[in-house]
Amino acid sequence: LNVIKNESIYDDVFENHGFRMGGGFEIIDQNHLRFFSTKTNIEDNNTLYTYNLDITNPWKLTYECGKNGIIPTIAMDDNGNCVEMHLDESSYIYYRFGKIDYKTNKINWGNVYNTYVKANFVSVDINNNGYCVSTYRKENELFCKVGKINPDLKTISWGSGIKYNTGGNMSVAINNNNKIVEVHQGYHGGTNKYNHYYLVGSINTYSNTVSWINGMKYDTGGSLSISLDDNGNCMETHLGNPSILSNRANRYYLIGKFNFSTGIISWNDG
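Quick caveat, the model's predicted, so the values are computed rather than measured.

Draft legend 1. Just a nonpolar patch on the surface, in detail. On the surface, Met235, Tyr253 and Ile255 cluster together into a nonpolar patch covering about 270 Å² of accessible area. By the element assignment, Tyr253 lies in strand β20 (residues 251-259).

Written as structure tokens, this is what we have:
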């Protein structure tokens, strides 16, 4: 209710944060699910996370993993390794590596590191090969960094931040074949800001960069998010058009099949 009463905060949530302020889960079988979320408290900007495996047990309490952060994003691999990134109040990007302790349902976090990069928005994903990819927005320019994780030291060796496009806020996903799908909104503040575009790419492990193959417009709407698997399937979710009051809180999804030879995703309507 506080969000709805404050029109400026309401617009920021639906245009800039979207599902990043909620949670998600994966159904493993009829008795188990995997839940992992980051959410920000609009009043004090504390970043929280929750993790639990078994739906027959009560949900565990949320644990604080940092103060004075905004725009949190988090990703995990199949081995319990996770990377969290956020902006501080001065818009610098910070990251932290962690390892899940399944006995306590807590994360053993490493140190918080300042990347000394300023941005307006950030997204991250990791794979089982020890690579992570981060995309971030500076005004209307989009940049990408590839990182190699050292799980023993709980650090990430980042490659250079390279501009790859222009537009609004984005979401990025990487699979275990080192293939990448990125989706982003149109030019931030421009006439095409509600357009949605995608890019397909792959990691160059020698230079720690991304080789982008193709990209094109595929839909319109508000805040968006992307996920993909190792079999060439991806799922995109987004909010409705933020300029239409009756539509902007609606949620939509698309299922896609990507072809990395051509860089084209064939979308099926959800």
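Draft legend 2. Here's a closer look at the nonpolar core. Ranked by internal contacts, the top residues of the largest apolar core, which has 33 residues, are Val83, Met85 and Ile93. Per-element tally for this core: the top contributor is strand β11 (residues 141-150), with five residues. What Ile93 contacts, discounting residues up to four positions off in sequence, is Met85, His86, Leu87, Tyr113, Asn114, Thr115, Tyr116, Val117, Ala119, Val122 and Tyr136.

Draft legend 3. Representation of the confidence of the model for the protein. Taken as a whole, the protein shows an average pLDDT of 82; of its residues, 74% reach a score of 70 or greater. Across residues 1-14, confidence stays below pLDDT 50; counting only partners more than four residues off in sequence or on other chains, it has 21 contacts. Scored below 50 in pLDDT, residues 16-22 shows 33 contacts in the model against residues more than four places distant or in partner chains.

Draft legend 4. Main features of unusual backbone geometry. In this structure, Glu139 takes a positive phi of about 55 degrees despite not being glycine. Topologically, Glu139 is positioned in the loop between β10 (131-138) and β11. You will see that Asn178, though not glycine, has its phi angle at about 65 degrees, which is positive. Here Asn178 shows up in the loop between β14 (170-174) and β15 (179-185).

Draft legend 5. Summary view of the pairing of β11. Most of β11 sits inside the fold, with seven of its 10 residues counted as buried. Bridging between β10 and β11 involves eight bridges; their strand directions are antiparallel. In the strand pairing of β11, Cys132 is matched with Gly147. Between the end of β10 and the start of β11, which pair antiparallel, lie two residues, with Glu139 showing a positive phi angle near 55 degrees. Summarising the sheet, β11 and strand β13 (residues 162-166) pair through four bridges and their orientation is antiparallel. Bridging from a neighbouring strand, Leu142 pairs with Asn165 of β13.

Rules behind the numbers
Once a new chain begins, its residue numbering starts again from 1 and follows that chain's sequence as written. Only residues with pLDDT of at least 70 get local features here, since the model is predicted, and only at 80 or more are side-chain atom pairs given and counted; chain-wide, interface and lining totals rely on the full set of residues. As a convention, hydrogens and water are excluded, and side-chain values are obtained from all of the structure's heavy atoms. Residues forming no salt bridge and having over 30% relative accessible area are the ones grouped into patches, like charges within 9 Å of each other and nonpolar side chains (Val, Leu, Ile, Met, Phe, Trp, Tyr) within 5 Å. Methods summary: accessible areas were calculated by the Shrake-Rupley approach with a probe of 1.4 Å, and residue burial reflects only the protein chains presented. Salt bridges, as used here, are contacts in which a Lys or Arg side-chain nitrogen is within 4 Å of a carboxyl oxygen on Asp or Glu. Strands are runs of DSSP state E lasting at least two residues, helices are runs of H or I lasting at least four, and both sets are numbered from the N terminus onward. Here, the term nonpolar core denotes a set of buried Ala, Val, Leu, Ile, Met, Phe, Trp, Tyr and Cys residues that are joined through side-chain atoms within 4.5 Å. Summary of the burial criterion: residues with accessible area below 20% of their type's maximum are buried, those above 50% are exposed, and those between are partly exposed, where the area comes from a 1.4 Å probe applied to protein chains only. Two residues form a contact once any of their heavy atoms are found within 4.5 Å. What pLDDT reports is the predictor's confidence in each residue, on a scale of 0 through 100. For two strands to be treated as a pair, DSSP must find at least two bridges joining them.

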